[in-house]
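The chain contents come next:
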Amino acid sequence: MRINHALRVGVGVIALTLAAATASACGGGGGDKTALDHAKDGKLTVGIKFDQPGLGLRNKDGSYSGFDVEVAKYVAGKLGVKPDAITFKEAPSAQRETLIENGQVDYVVATYSITDKRKEKVDFAGPYYVAGQSFLVRADNTDIDGPETLKGKKVCSVKGSTPAQNIEKNFPDTQLQANDTYSLCLEGLRAGSWDAVTTDDIILAGYAAQSSGAFKVVGKPFTTENYGIGLKKGDKQLRDQVNNAIEAMFADGSWKKAFDATVGASGYQAPQPPALNRY
């Protein structure tokens, strides 16, 4: 009898352990639900940047602002989810694919350049904006005015970002410093630890606007960066619906209105919306 009792207890412990492991693997109850399942439940989790003024910024009061935030909210609205039912999660450049693959976010709107390498892991809707890589320097800097003046210079960008990969691949004479966030790059630039920060021109414009004249953007954009909305690989239904939402945002004037109210505050003029490629 004692042996049977011990066996029953042991089996019970194993069952509880397996159940806990399963719940953990499902990300705390997310299970096999898709982004559209979550939308039907009236809620979404969206990855954005927390440190990009004018694009994706977590404000001191805990609210979120920026062009990417407005795009994310518009798309969510077309999926039937109200702004106050969106949970915004920080999506650093190097973690975006992982967040999508693991189901920690339903989609990512975070100055996310569409590349062939990234498309091996995630799908994209869009593009909803086209940017280009440039440089941010201290206001008194006269040495850097484009990529041809980078030799021997110390340049900071973010780990896993397209600009960092571009510098590493195409400008081997440049000393690249890769940090986790652009905030760290800006701190180092202000302190003189490096000569420039490089990323897309629209991002740099926001930093320059908030620097009280300490920084300036230099050089014409020398790359083409198609910003897309990152989605779970193979979820065609979601991709089609997000593309439809982007197209509607272009058509009804909401895209330009959102741009003018966010990035436009830095003096950056809204371009024409890009052609939708429907990747």
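Here we summarise the structure given alongside this text.

Considering the layout of surface pockets
Turning to step 1, where the next piece is worked out: The volume enclosed by the second largest pocket comes to roughly 350 Å³.
Turning to step 2, where the next piece is worked out: Around the second largest pocket, the lining is made up of 14 residues, and of these Thr 115, Lys 117, Arg 118, Thr 162 and Gln 165 lie nearest the centre.
Turning to step 3, where the next piece is worked out: Elements that contribute at least two residues to the lining of the second largest pocket include exactly helix H5 (116–119) and helix H6 (162–170).
Turning to step 4, where the next piece is worked out: For the lining of the second largest pocket, a count of residues per class yields 1 nonpolar, 7 polar and 6 charged.

Notes on helix H7 (residues 182–191)
Turning to step 1, where the next piece is worked out: Every buried residue of H7 is accounted for by Tyr 182, Cys 185, Leu 186, Gly 188 and Leu 189. Projection of H7 onto a plane perpendicular to its axis shows the buried side chains occupying an angular sector of 165 degrees, all on one side. With respect to the buried face of H7, the exposed residues turned more than 90 degrees away are Glu 187, Arg 190 and Ala 191.
Turning to step 2, where the next piece is worked out: Just downstream of H7 lies Gly 192, where phi reads positive at about 85 degrees.

Describing the state of the cysteines
Turning to step 1, where the next piece is worked out: Taken as a whole and judged by the stated rule, the model has 1 disulfide.
Turning to step 2, where the next piece is worked out: A sulfur-sulfur separation of 2.1 Å characterises the disulfide bridge that pairs Cys 156 with Cys 185. Between Cys 156 and Cys 185, the S-S dihedral sits near -70 degrees, and the bridge is therefore left-handed. Of this pair, Cys 156 sits in strand S9 (residues 154–158) while Cys 185 sits in helix H7, and the two are 29 residues apart along the sequence.
Turning to step 3, where the next piece is worked out: Overall, the relative accessible area of 0% leaves Cys 185 in the buried class.

Concerning the sheet that holds strand S2 (residues 51–52)
Turning to step 1, where the next piece is worked out: Strand order in this open sheet of 3 strands is S2-S3-S4, and the pairing throughout is antiparallel. The two strands at the open ends of the sheet, each matched to only one other strand, are S2 and strand S4 (64–65).
Turning to step 2, where the next piece is worked out: As paired strands, strand S3 (residues 56–58) and S4 are joined by 2 bridges and run antiparallel to one another. Directly across from Arg 58, in S4, lies its bridge partner Tyr 64.

Regarding the packing of helix H3 (residues 67–78) against helix H10 (residues 254–261)
Turning to step 1, where the next piece is worked out: Look at H3 against H10: their axes get within 9 Å of each other, and the N-to-C directions meet at 150 degrees. As summarised for this structure, H3 and H10 are arranged roughly antiparallel, according to the angle between their axes. Where H3 crosses over H10, the handedness of that crossing is right-handed. Of H10, the residues touching H3 (which contributes Phe 67, Glu 70 and Tyr 74) are Ser 254, Trp 255, Ala 258 and Phe 259.
Turning to step 2, where the next piece is worked out: When the residues that make up the contact of H3 with H10 are grouped by side-chain class, the tally is 5 nonpolar, 1 polar and 1 charged.

A few points about empty space enclosed by the protein
Turning to step 1, where the next piece is worked out: Under the defined criterion, the tally for this structure stands at 2 cavities of 30 Å³ or more.
Turning to step 2, where the next piece is worked out: Looking at the largest cavity, its volume works out to about 70 Å³.
Turning to step 3, where the next piece is worked out: What lines the largest cavity is a set of 14 residues, and nearest its centre among them are Thr 111, Ser 161, Pro 163, Tyr 182 and Asp 200.
Turning to step 4, where the next piece is worked out: When contributions to the lining of the largest cavity are tallied by element, the ones reaching two or more residues are H6 and strand S11 (196–200).
Turning to step 5, where the next piece is worked out: Within this model, the second largest cavity holds a volume of roughly 50 Å³.

What counts and how
Residues numbered from 1 in each chain as written. Predicted model: local features only at pLDDT ≥ 70, side-chain atom pairs only at ≥ 80, totals over all residues. Heavy atoms only, no water. 1 Å grid on protein atoms, 1.4 Å probe; cavity = no way out; pocket = protein on both sides within 12 Å on 5 of 7 lines; lining within 4 Å. Points joined across faces, edges and corners; volume = space filled by probe spheres on them. Helix = DSSP H or I, 4+ residues; strand = E, 2+ residues; numbered from the N terminus. Nonpolar A, V, L, I, M, F, W, Y, C, P; charged D, E, K, R; others polar. Buried < 20%, exposed > 50% of the residue type's maximum accessible area, 1.4 Å probe, protein only. Arc of directions from axis to C-beta. Disulfide = S-S within 2.5 Å. Pairing = 2+ DSSP bridges. Axes fitted to C-alpha atoms, helices over the stretch in contact; angles between N-to-C directions. Parallel < 35°, antiparallel > 145°, perpendicular 65-115°, else oblique. Left-handed = near helix turned anticlockwise from the far one by under 90°. Contact = heavy atoms within 4.5 Å.

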